[in-house]
Amino acid sequence: QVQLVESGGGLVQPGGSLRLSCAVSGITFSIYTMGWYRQAPGKQRELVAAITSGGNTNYADSVKGRFTISRDNAKNTVYLQMNSLKPEDTAVYYCNAKWVVTRNYWGQGMQVTVSS
């Protein structure tokens, strides 16, 4: 059974930082592209950041320079370090693991709220 368990979300003030984690089980983690997506109220789910099995990364323009995605294949975990958070970063954040079209898995999502 594939499981993606997210942690680290919550409430933070503007300018603050959070580190999201996603612990994965049930798949060969190292071969998957791992991603973080988010969905704000009334908006479509969007890609925030992704990291390939080879360590290549890509980011949404809105988070470049503020967010960093990383992975630890020994721990089957992917991280998203979020700095200089803004109110517009408020959303439900989802962890994603993708290898091929038929091997695409999601976490349950967790709330990140940036507010004073």
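Thresholds applied
Residues numbered from 1 in each chain as written. Predicted model: local features only at pLDDT ≥ 70, side-chain atom pairs only at ≥ 80, totals over all residues. Heavy atoms only, no water. Disulfide = S-S within 2.5 Å. Helix = DSSP H or I, 4+ residues; strand = E, 2+ residues; numbered from the N terminus. Buried < 20%, exposed > 50% of the residue type's maximum accessible area, 1.4 Å probe, protein only. Pairing = 2+ DSSP bridges. Axes fitted to C-alpha atoms, helices over the stretch in contact; angles between N-to-C directions. Polar contact = N/O pair within 3.5 Å; in protein donor to acceptor, adjacent residues only side chain to side chain. Contact = heavy atoms within 4.5 Å. Core = buried A, V, L, I, M, F, W, Y, C linked by side-chain atoms within 4.5 Å. 1 Å grid on protein atoms, 1.4 Å probe; cavity = no way out; pocket = protein on both sides within 12 Å on 5 of 7 lines; lining within 4 Å. Points joined across faces, edges and corners; volume = space filled by probe spheres on them. Nonpolar A, V, L, I, M, F, W, Y, C, P; charged D, E, K, R; others polar. Salt bridge = Lys/Arg side-chain N within 4 Å of Asp/Glu carboxyl O.

How should the state of the cysteines be read in this particular structure?
Put plainly, two cysteines are in a disulfide when a covalent bond ties their sulfur atoms together. With the rule as written, the count across this model stands at one disulfide. Paired by a disulfide, C22 and C95 hold their sulfur atoms 2.1 Å apart. The S-S bond linking C22 to C95 shows a torsion near -85°; that makes this disulfide left-handed. Here C95 lies in strand β9 (residues 91-98) and C22 lies in strand β3 (residues 18-25), a separation of 73 residues in the sequence. Here C95 falls in the buried class, since its relative accessible area comes to 0%.

Whenever I open this one, the sheet that holds β3 confuses me. Can you help?
Whether parallel or antiparallel, the strands of a sheet pair through hydrogen bonds between backbone atoms. Here four strands make up an open sheet; going across it, the order is β1-β3-β8-β7 and the pairing antiparallel. With partners counted over all chains shown, the strands left at the sheet margins are β1 (3-7) and β7 (67-72), one partner each. Strand-to-strand twist in this sheet, taken as the mean axis angle between neighbours without regard to direction, amounts to 15°.

How should the side chain of R71 be read in this particular structure?
Note that R71 resides in strand β7. Polar side-chain contacts of R71 include one of 2.8 Å to the backbone oxygen of F29. Of the polar contacts made by the side chain of R71, one reaches the backbone oxygen of Y32; its length is 2.8 Å. Ignoring any residue separated from it by four or fewer positions in sequence, one finds R71 in contact with F29, S30, Y32, T33, M34, I51, T52, S53, T77 and V78.

When you look at the nonpolar core in this model, what are you seeing that I'm missing?
A general trend in soluble globular proteins is that nonpolar side chains are found buried together. Counting residues in hydrophobic clusters, the biggest one holds 30 residues, and the most contacted among them are M34, W36, V78, L80, M82 and Y93. Elements that contribute at least two residues to this core include exactly β3, β4 (33-39), β5 (46-51), β7, β8 (77-82), β9 and β11 (110-114).

What should I look at first to understand unusual backbone geometry in this one?
Where the residue is not glycine, phi is negative for most of them; where a peptide bond is considered, it is trans in most cases. Even without a glycine there, the phi angle at N76 is positive, about 55°. Along the chain, N76 turns up in the loop between β7 and β8. In this structure N76 comes out as partly exposed when scored by relative accessible area, which is 24%. Even without glycine at this site, S84 takes up a positive phi of about 50°. Here S84 is to be found in the loop between β8 and β9. Residue S84 is classed as partly exposed on the basis of its relative accessible area of 42%.

Sorry if this is basic, but what is going on with the layout of surface pockets here?
In this approach, a probe sized like a water molecule rolls over the atoms, and the result shows the empty space that is left. Roughly 170 Å³ of volume is contained in the largest pocket. For the largest pocket, the lining is made up of 13 residues, of which R38, A40, K43, E46 and E88 are closest to its centre. Residue composition of the lining of the largest pocket, grouped by class: two nonpolar, four polar and seven charged.

When you look at the pattern of salt bridges in this model, what are you seeing that I'm missing?
Think of it this way: side chains of opposite charge can pair up when their charged atoms draw near. Enumeration over the complete set of coordinates arrives at four salt bridges. Close ionic contact of R38 with D89 constitutes a salt bridge, the shortest N to O distance being 3.0 Å. Residue R38 is located in strand β4, and its partner D89 is located in the loop between β8 and β9; the two are separated by 51 residues in the primary sequence. The residues R38 and D89 share a single accessibility class, namely buried. A salt bridge links K64 to D61, with the nearest nitrogen and oxygen atoms 3.1 Å apart.

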